[in-house]
Every structure is written in C-alpha cells, then in structure tokens.
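Take a look at the letters that make up each chain.
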Amino acid sequence: MLPFDANKKQSKQKHGRYSEFQAIVLAGYGHRLYPLSEDNNLPKALLPLANKPMLYYVLDWLERAGIFDVLVITEANGEYKIGHYLKNDYEGKLKPNLEVVREDVGTADVLRIFSEKIKSDFIVMSCDLVFDLVPHRLLDYHRTHDPTFTALYFEPNKSEGGGGSSSSYKDDKDPKQFVGVDTNKSRIVYVASSADLDEEFSLRMSLLWKFPCIDIHTNLQDAHLYIFKRWVIDLIVQRKAISSVREHLVPLLIKCQYQKKLLDSEGINKLAATYENYQKTAIQYSASWNDDDKNSPVRCQIFIYKTGFCGRGNTIYKYCDLNRHTTKIHIDPRVSPSAEINSKAQVGSDSLVGDDTKIDERTSIKRSTIGTHCAIGKNVKISNSILMDNIVIEDNVKLDGCVVCNGAKIMEKSQLKDCEVGGGYVVVSETQAKNEQLVEFRDLD
Amino acid sequence: MPPPSKTSGKNLEAESILQAVVLADSFNERFRPITLDTPRCLLPLCNTPLIEYTLELLAVAGVQAVYLFCREHSETIKNYIKKSKWSRSYSPIKIITIVTPEARSVGDALRELDAKQLIDSDFILISGDVVSNIQLEKVLDAHRARKSVDSNAIMTMVVKEASPFHRTRSLGESPIFVLDTKTNECVHCESVELYPRKRRMTMDMEVFKKHADVQIRNDLIDCQIDICSVEVPALFTENFDYQDIRNDFVHGILTSDLLGKTIYCHLVKDVYAARVRNLHTYNAISKDVLSRWTYPIVPDSNLQEGDSYEFMRGHIYKEKDVSLSRSCSLGEKVLIGAGTEIAENVKITNSVIGRRVTIGPNVEIDGAYIWDDVKIKSNCSIFRSILANNVVLEENVIVKRGCLLSYDVVIGPNVTLEPYTKLTKHKKTSESDNEGEESNENKAYDSTLIGEHGQGYIWSDKVSDTDDDEFDTKNIQIAGLAHDISNISLTDSDSPPSVIYESSSDELSDSGESTTEEESLKEFFKEVSQTLERAFLDGHAVEIASLELNTLRMASNTTFHDLRVGVIPTILGQIDIENLLTSAEEILEQWGPLIGKLIHSRQDQIDTLYILQDHCAIKQHHAKLFAPTLKKLYLLDVLDEDAILEWNSSELADNDSSKSSIRKKVAPFVKWLEEAEVEDSDSDD
C-alpha cells in the first residue's frame, strides 16, 4: 500500500519484508482455565492442542496471512515459558517479539503501552483462537471495505459432547451476546451482552434511521480478532478511560457510526481526518465507489465466519472441544515414532501419542491426546481425555473425559471421570472421582 | 381492465369463494374539510376515485365477494357502486355494502363482521384507499403455505421494502417491524411517532428465547393489506377493546402468551403498494401513478367506463376533448381530463387537472391537484395545493403550497393564500363545536383573506384537548401536502450520547444527560406545586398531602431532597407579602408540619435550611420571610437548634452577598438559640 513510507522502511529492514499489518497477540493468563493455567502447569498460550501449544496455531495463521511483524504480549508469569518456547521450540518462520505487561491491565491499556511500536494498521487477537479461515478472505474483506475496524464473529460449531471436563463448564454460563448487523452493508451496529440488559431490549431510534434494517443475532460469538486502523491507537492514547478493547473501544466506535455528538466529544473526527487514506483516494476514482458513507469517519465491519471451524479455548470445556477438533484434523503421524507402545496395547486412530511416551500392555486409548514423556502402565483405559507431558499413570487406572496437567501422577486403580488433575499433583491409588478438580492447595495470596 | 381468468375463478369456486373486506372509511380526519362532502374512498386520485384502485386490485386477484364497510356518506358510496362497472352483470366481483354508522374504528367494523358471520375462509382485509399492483394470489398462497407449517398463523401483513424516507412511507405512521430472520414471523411491532420524538424502540427480551435471529426493520411500508384467517374477526369480538389493527390487534396478539397465535409479514420488493393515508401520500402516490410505477394501474389503462386517457411523451396524459391553447406549455407529469380548456400562456407542470376545468390565460400551475369543474381565471398561480370540485379562482389569485380548497369555494380576486390554508364552504358547525356555531352563525366571509367575491371559511384542524396538541398539529403538518422532509430532524443531535465507559462519561455526557434530567425534574416540580395547590385549595390534611407527595416522588423516582426543593418555595409562595407576618404565621402553622413530614434526619434538616436559604436569596421578595419562617419551623419542631447552629456555622461556599445578608437576618435568632443552649447545658450540669 505505501511502499515508500519512511516508517515502513524500518520494518522492512528488520524483517526483510514489507508489512501491511502488524499483529498483536494477547497471551493472557487464562483465568477461566483454572487449574490448567496455574503456574505449575502452563500459561494459556502454551496449553497443548493436539500436542502443539495454542500459540502455535495463532502464529501459524499469521504466517499464512503474511504478517511478519508480530508482537506477543503476556503477563509476568508467562514470560519465561513463552519466551523459552518462542526461542527453542517454535518451528514457524515468524520472529515474534515478546513483551510483558502487568497482570491487571486491560486489553486496550496494552495497546496504549505499546503504542510507539504500532506503526501501521494492526490486528489484535487472542492467543486462544483456533480457526481454519483462509487468511486472505478476512484480509481482503478488510481491504475492500476499508473500515475503521473489522471484527471477526463466528457461529459456534456444535460441540461433539462427551466433553473432556465437568458439565458445569459448559458455555451455557456465558451470557448471550447480541450482535446487530446492518443487513445490506454487513456493518456491525450494535453489541450487547444479555448480562447488561434487563428485561427489555431497546435500540436508539437514531440507529434505526441510519441503519433501517438490522439483523440481531444471538448465536454469534466474538472471536476476539479485530483489524484496526492505525488512528485508533491515537484514540486509545488520548482517551485513558478506554481500558478494554471489547468492552470500551469496540462499543464506542460502533456507537460513533450513528451518534454524531460522540464523534465530536471523543475527538474522533479530528483523529480520523489526520489519517491520510491513500486507499480511499484510489477507490474514490474507481467506478465502484459508493458514496453514501463518505461523511462518516467511523465504519465498523463484521465478518461472520459460518462454514468452517472456529473456536476459542478460553474455558476448559471449549479447550477440550478445540483439542478434539485439532486432534481430528492432525496430519503428522498420529503416534510419534519415538513412542514405545506395547504390542498388546490399543491406541485408537482418533488419538495422538507424543514423543518418548511409553504405553504398557493391555492398555487402551480412545479419542484422547497423550503428550510427550508419559509413562502409562498396564491395563489402563483412557478415553476422551487430554494428557499433557511427563505424566505417570500406573496400572489399572481408568480415565474418562479428564484433563491431566504436566507432571501429574495417577496411582494404580484410580478411576476418574470428567476431572481436571493439576500440574504435579499425585492422585493416590484407588481414588474414585467424578466432576472434580484435583489440585494442590496453594496459599491463596 | 384485465378481466380475471375464468379458470382461476372456477378453481376457487370449487373450494370456496375468495372474500375481501374493504374498509371504505379511514376512521380519521386527515382529509378534512374535503371529506365533509365526499367519502375518502371516492376522492379522485389522478381523476379516478380511490376505491377503484382497490377494487381493481381485488378483482385481478380473483376475489369474488367484497364486503365494503362504510360509515360516513354511506349513501354516496352505495350510489357510486350501483352506478359503477362493478354492479354490471359482467362484473367479476360482487360488492356488498355494509353500513356501520356507529363504528368508530377498524375494530368495530370487524366486530360487526363477526356478528354478521359473513366470513367462512381466509379473507383479504384492505383499506379502501390502497394503490397497488401487487399479485395478491402469491401472497395468499404464501399465507396458506405458512398456515400448513404453523397452524397458529392467523394473519399475514403485506409490507414493502423501501428506504425509511420513501415518499409513500408516511413518516410517523409506519411502524418498526421486528421479524424472525428465517420465517418472517412478526415478533414485535412498534409505532414510531415523530412528535414527540421517539428516542428508543424497546421490546421484550422474551422474544430472543424463541427466536435466535431477528431482523429489526425501519424500512418497511405498511401497505395495509392483510390476509386474515377466519379467527381474526372473532378475536376482535373477544377483545372488545381492540380498535386499531396495528396498535391494538397486532400488538395484543404478539404480547399475549395465552392466545399463542402468530402473525407473519410478507415482504414484497419489486411491486408497488402504498396507501393514501394523508395529503402527503396523496401527493406522492399521484406522482407515482403518473410516473407509471404502478403499471398496469395507470391512467391510460382507463379503469373507469368512459375514460379515454392517452399516454404521451413526457408523462403527459390527455383525455379526448381537451382544448389546449397554442401558447400553453405542459411540463412533465401532467394529466388532463376531458372537456378541459386551457387558455394562452398557461404553464402546467407536475399536476393533475380534472374534467371540464377552465383555466384562464397566464396561469401557472405546479404540483397542484385540480379536480373537476374548477374555474381558474387569468393570472393565477397555484403551487402544490388541492382545489376540489367547483372551486373558482378569480383573477390574480396566488395559492401557496399546501393549501386545500374544498368544494365550491370561491377565492379572489387579487388575494394571496398563505401556505397550508384550508378553506371550506361549511361553517364549522359540527356538533362538537357549539361555540363555533354561534360565532359563525352570522359571520360573513372574511373578504380580506379570500377576496371580495370569496366564499368560504377557514378550516382549522380540530385541536385536541390533551396537553400535547402542539405535537398533534406538528404530526398533522408532516402529513400535509407539501411538507418538506428536510424539515424533520431524525438524528439524535439533541439527545445525549451513550455512555460507554464510566470514568470519562461524566465529563462527556454531562451536558446532554443533565438536560433530560433537568427536564424531568422540572416536570416533577411542576407536579409538586400543582399537587400542593390542590391541597391548599381543598384544605387537605397534612397527612393526605404528604401521602400524595410521596406517591409522586416514588412515581418520578426522585429523592426527598427534590421533593423539599419543590415543596418549600410553593408553601412560601402562599404567604401574602402585603401582610407578611400574620400570613406567614397562618400558612406555616398549617403547612409547616408538611415540611416536617419530609424530614427524617439531621442531615435533612440542614438540607432544608440550605434550600430555604437559597430560595430566599434568589427570590428577593421572599428574603424578608426567611427569619419568620425559620423561627416558626423551629417552634413547630420541624427544625431543631442543633441543625440550625450547624447550618449557621457552615462556611458559605462563595461570597454570595445575598446569601450572607440572609444569614445576617437570622443572626439574632441564632444568637438567642446559642444562648439558650448554653443555658440548657448549664442547667444540665
């Protein structure tokens, strides 16, 4: 777009490629993934999906999108592990920069902190997003509409059930999202969560005059992937009160589409005007230029991904779903060549086994993902489960729908159903548990 | 007129006869004063009575029986139908006129229909002023298909997609429809008034339990064509309070859990459908007919017997026997009826001219509707107005936009009619307006307004008794003939912007938010003083007054502080300034305890003192009242000395001279209090 822009030259030297977009990957703590994301296990970004960290999928997508200027932002407790992963284990071509922020800052605050580093239009995404959307479909959509931001929403795929964790983690608990989309221009014009609404659903008339035909969806989910214009950073810097991208920035911009007063009061008119839009000038001269929105400095597009797979691993339930899906489409050898599997053991074709894992005789593994360096004893039955790395499972253990974290040990004759076993935790022999979280108690402070 | 195909007729006979109910009365008075003489459905649109368009539509759809509901001018309508082609032996439809002089609404008409038990299958409910070329068979088929899927479907409303500002979409009368995206089931329907301006549309969250995706549409034209099941009239009978079909019936059905009935919308896009609701749409639809949007329903289809319109270049339609002078010029979209004579140098654009009209030389006509037998003498100009039958304009008359000259009115010579003038030969002698009758009895025509030879009275639209008549007239104005859409503001520039994040919301929306809050507070204060004045007048007990005030406070969700702010000045206002001390004594003796009822704590007392102080500081004539009031309230035990002393010792926020002077006035009293307290404590020791 701007091959001779001075700012871009720098990044050009740095990466040897020109970048149209920068990407900011937010690798947060993952509170809703307790106990998987505890310090004794892994930060959210590194939780394995089909034996690869979540972050890998995000970086892979960015790589395919041709975005090389990537900033991964994490909180202090994840710095060492993620840094280690990026340095040693990550096998993609990207060279992401890792930055650390305090734990309590919002997503927009993060952008404010690193505003100096953001030089072009940018993508903000979460590290827990896994989707098979061909990158150029989204980027081209953004390029043609050239909006202030494009948001990715998806229709959640039907869960295959038999979930890896207790049913209490089902996403019924999530408040319903209301998304209003202008039917003709696929503009996103309204967002709300049922948690904020009472018994009444109400829209401003000014919205209905500006966008007379609005589809209200209740079954869409926010993928937390946004492509923003550069000037939005200036807005964030100017307005300290904007702390979260999803809760403050996006609703503000959406409202700016039809509330003129807001444009002035937030100084958005000025900001948007300072931004010189070469592309708009180009489109203006083309025949397909459509005039009607010329005067509105803020336009918010929505991209609804319906046909393929898309999901976020921000709860245990969804994480298990994601793992099941990624395991299913995994193409590498399903059982690592370095794994030792007893000839009398059965590993279903729907399961994965990582490097150097030993599986003893008469053990059966179905619909499960086993990490590296695990030792699984005799006559063990594992189904619908995720086992991370360095796990010891003794003889005659039965696991169904469980998530077992790094370094855990499950002693003989235990039977667990729909449980999470925390990092390094030892399950004593003959434990019977259902719908439980087996974790070591730490001091809460 | 395309005759209905015989085959389809036979098929229908095999099942049952297709019935339609036509509401010939609009149950409103939009077209007054013209409708004093002619029923609305017989008003000529492009020289063809409105009802013809509706009947034509029904005939094409294969309707065989039409029940025509009339209220006013029923004889005129009956006679018209009797003489029209619809009463001939070859007429495809049979029209049964039902006269319901007592019906006041659509609901009444449908209840009458139910009582008569005339309907035995799905029927078309249509108002007698719809112009459309929609193919109703398709809509009927869709309705039946829906019924086979959803047995609770009782009605299909035909709506047309258009821009929200479409000319035939009468603003302020087109509701917002909320539809299920997949099935077009109507889940919510909300009317949109322009005055007072509607700020938000609101619906029940329950809707989302049944419907995952809905579409909110503010771009639909309600064509007022409904396909109804047999149950519909019965439902009207059951719910005798249903009046309007949209606001009451549809709303009632959609919000009722008990009935469990569903209503669907049928969206049409490429056809024409509009209803002549008011003068604004009358104008728009006339233009559309001339521009052939309504094809095949256009003037040169010659719907009526004896029509002989020919379509010419530039959307000019001319009947036989029109005599045009050599030098007259006809612009685009002009329709001229038979027997009309147009003299030299006449300029006509965008207009409809009736039959046997004579137009004198040098006349300019733009956007006007001139009905039959009008005489326009030389040098007149007419802009965007309606001249009904037999109107006479003498020389040099200028009719500005939006005027409505009813039957037989004579104007001129040499006058100019201001915009939106409505004139009629009827004196305003309606039963409802007895005073008007008297005053008009002997009143001659106002010759300054309508000229020496003028005949006619000014018609003013009935002003309703309610408080918001300002809004009513505004709403009527929008519906007027020549109202400019640009005059209506629809952006929310004057409403507060939304608050998105808390911390900065204060600074950014303070100005906006507070205005509405102020307004509601003002309203509240007004009501408080009204309540109190009633209490003063009727001599209520303090308890009753305080109960009333409390109810008011809760109803308007305000605080006791607000209540005190409202109450104290009103009570002080009762005090007779001339006779200050005794009057204050009397009033406070009676009403002081009321203030006491509004005080619950020390803080409240101090707050009361501040309110008193501020009030007396602002209202100079009440300044003198401060000291006596304070004393009296103290004596009544409304205020105690601690509160007064605390108040007195507090700093004055700014060096407000009037406030400090107020304080000086009570200095002796405060001093006395202080001393009394010292004595008190002394004696305690």
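Residues numbered from 1 in each chain as written. Chains lettered and ligands numbered in written order. Predicted model: local features only at pLDDT ≥ 70, side-chain atom pairs only at ≥ 80, totals over all residues. Heavy atoms only, no water.

Taking an unreviewed UniProt entry as the reference, chain B is identified by name as Translation initiation factor eIF2B subunit epsilon belonging to Gigaspora margarita. UniProt, in the comment section headed Sequence similarities (unreviewed entry), describes chain B in these words: "Belongs to the eIF-2B gamma/epsilon subunits family." (UniProt positions renumbered as here; feature names shortened; annotations may be inferred.)

Per an unreviewed UniProt entry, chain A goes by the name Translation initiation factor eIF2B subunit gamma and belongs to Gigaspora margarita. Quoted straight from UniProt, the Sequence similarities (unreviewed entry) entry for chain A says "Belongs to the eIF-2B gamma/epsilon subunits family." Under the UniProt heading Subcellular location (unreviewed entry), the note attached to chain A is "Cytoplasm, Cytosol".

A short note on the overall build of chain A
If you tally the helices and strands in chain A, you get 12 helices and 33 strands. Considering chain A as a whole, with its 445 residues, one finds that 56% of them fall into the buried category. A sequence separation of at least 24 residues applies to 57% of the contacts in chain A between residues at least 6 apart. In the form shown here, chain A has an accessible surface area of approximately 19,500 Å², with 48% of it arising from carbon and sulfur atoms. (Helix = DSSP H or I, 4+ residues; strand = E, 2+ residues; numbered from the N terminus. Buried < 20%, exposed > 50% of the residue type's maximum accessible area, 1.4 Å probe, protein only. Contact = heavy atoms within 4.5 Å. Areas by Shrake-Rupley, 256 points an atom, 1.4 Å probe, with all protein chains shown as cover.)

Quick look at the nonpolar core
Residue and element names in this part refer to chain A. By size, the foremost hydrophobic cluster in this structure holds 83 residues, and its most contacted members are Leu62, Met125, Leu225, Tyr319, Ile393, Leu399 and Leu416. For this core, the element with the most residues is helix H2 (residues 54-65), which contributes 9 residues. Built from parts of two domains, this core gets at least three residues from each of domain 1 (17-326) and domain 2 (333-438). Leaving out residues up to four positions away in the same chain, Leu62 has contacts with Ala23, Val25, Ile67, Val70, Leu94 and Met125. (Core = buried A, V, L, I, M, F, W, Y, C linked by side-chain atoms within 4.5 Å. Domains from an automatic or database assignment.)

Examining the UniProt feature "domain: Nucleotidyl transferase" (unreviewed entry) in chain A
The positions UniProt marks with the feature "domain: Nucleotidyl transferase" (unreviewed entry) are residues 23-155 of chain A. Strand forms 27% of residues 23-155 of chain A and helix 33%; the C-alpha atoms that close the span are 24 Å apart.

Points about the packing of aromatic side chains
For the structure shown, the criterion picks out 21 aromatic pairs over all chains. With 5.4 Å between their ring centres and 70° between their planes, A:Tyr190 and A:Phe201 make a pair best called edge-to-face. One end of the pair, A:Tyr190, is in strand S10 (residues 188-193); the other, A:Phe201, is in strand S11 (residues 200-204), with 11 residues separating them in the sequence. Residue classification places A:Tyr190 among the buried residues on the basis of a relative accessible area of 11%. The class of A:Phe201 is buried, set by a relative accessible area of 0%. An aromatic cluster of at least three residues, connected via ring pairs, comprises B:Phe31, B:Tyr282, B:Tyr369, B:Trp371 and B:Tyr407. (Phe/Tyr/Trp six-rings, centres within 6.5 Å; stacked < 30°, edge-to-face > 60°.)

Structural notes on the interface of chain A and chain B
Between chain A and chain B, the contact holds 39 residues from the first and 41 residues from the second. Across the chain A/chain B interface, buried area totals approximately 3,400 Å², and carbon plus sulfur atoms make up 57% of it. When the buried surface of chain A facing chain B is broken down by residue, A:Arg204, A:Met205 and A:Trp209 rank first, second and third, together holding 22% of it. Joining chain A to chain B, the criterion identifies 12 residue pairs in polar contact (both at pLDDT 80 or more). Counting only elements with at least two residues in the side of chain A that touches chain B, the list comes to S11, helix H6 (205-210), strand S12 (213-217), helix H8 (245-256) and helix H9 (260-265) of chain A. Split into classes, the residues belonging to the side of chain A that touches chain B amount to 17 nonpolar, 10 polar and 12 charged. Pairing of S12(A) with strand S12 (residues 213-217) of chain B involves 5 bridges; the strand directions are antiparallel. (Buried area = accessible area lost by both parts, 1.4 Å probe. Polar contact = N/O pair within 3.5 Å; in protein donor to acceptor, adjacent residues only side chain to side chain. Nonpolar A, V, L, I, M, F, W, Y, C, P; charged D, E, K, R; others polar. Pairing = 2+ DSSP bridges.)

Comments concerning the side chain of B:Asp607
Relative to the helices and strands, B:Asp607 resides in helix H17 (residues 602-618). With sequence-adjacent residues up to four places away left out, B:Asp607 is seen in contact with B:His561 and B:Arg564.

Notes on the pattern of salt bridges
Tallied over the full model, the rule gives 41 salt bridges over all chains. Between A:Lys409 and A:Glu394 there is a salt bridge whose closest N-O contact spans 3.9 Å. Taken together, the positions of A:Lys409 in strand S28 (residues 409-410) and A:Glu394 in the loop between strand S25 (392-393) and strand S26 (398-400) put the pair 15 residues apart, joining distant regions of the chain. A salt bridge links B:Arg88 to B:Glu305, with the shortest nitrogen-to-oxygen separation between them at 2.8 Å. Here the residue B:Arg88 occupies a position in the loop between helix H3 (74-83) and strand S5 (94-99), and B:Glu305 occupies one in the loop between helix H9 (279-290) and strand S16 (310-312), the gap between them amounting to 217 residues. Owing to a relative accessible area of 34%, B:Arg88 belongs among the partly exposed residues under this scheme. In this structure, a network of salt bridges that share partners links the residues B:Glu161, B:Arg217, B:Asp219 and B:Lys269. (Salt bridge = Lys/Arg side-chain N within 4 Å of Asp/Glu carboxyl O.)

Points about the UniProt feature "domain: EIF2B subunit epsilon/gamma LbH" (unreviewed entry) in chain A
UniProt marks residues 339-429 of chain A with the feature "domain: EIF2B subunit epsilon/gamma LbH" (unreviewed entry), using the numbering shown here. The distance from the first to the last C-alpha atom of residues 339-429 of chain A is 26 Å, and the span holds 0% helix and 40% strand.

Let's talk about the sheet that holds strand S13 (residues 221-228) of chain A
Residue and element names in this part refer to chain A. Reading across from one edge, S5-S4-S1-S6-S13-S8-S14 is the order of the 7 strands in this open sheet, with mixed pairing throughout. Of all strands in the sheet, those bounded by a partner on one side alone are strand S5 (97-101) and strand S14 (300-305). Between one strand and the next, the sheet's axes are offset by a mean angle of 25°, whatever the strand orientation. Summarising the sheet, strand S8 (residues 149-154) and S13 pair through 5 bridges and their orientation is antiparallel. Within the sheet, the bridge partner assigned to Ala151 lies in S13 and is Tyr226. (Axes fitted to C-alpha atoms, helices over the stretch in contact; angles between N-to-C directions.)

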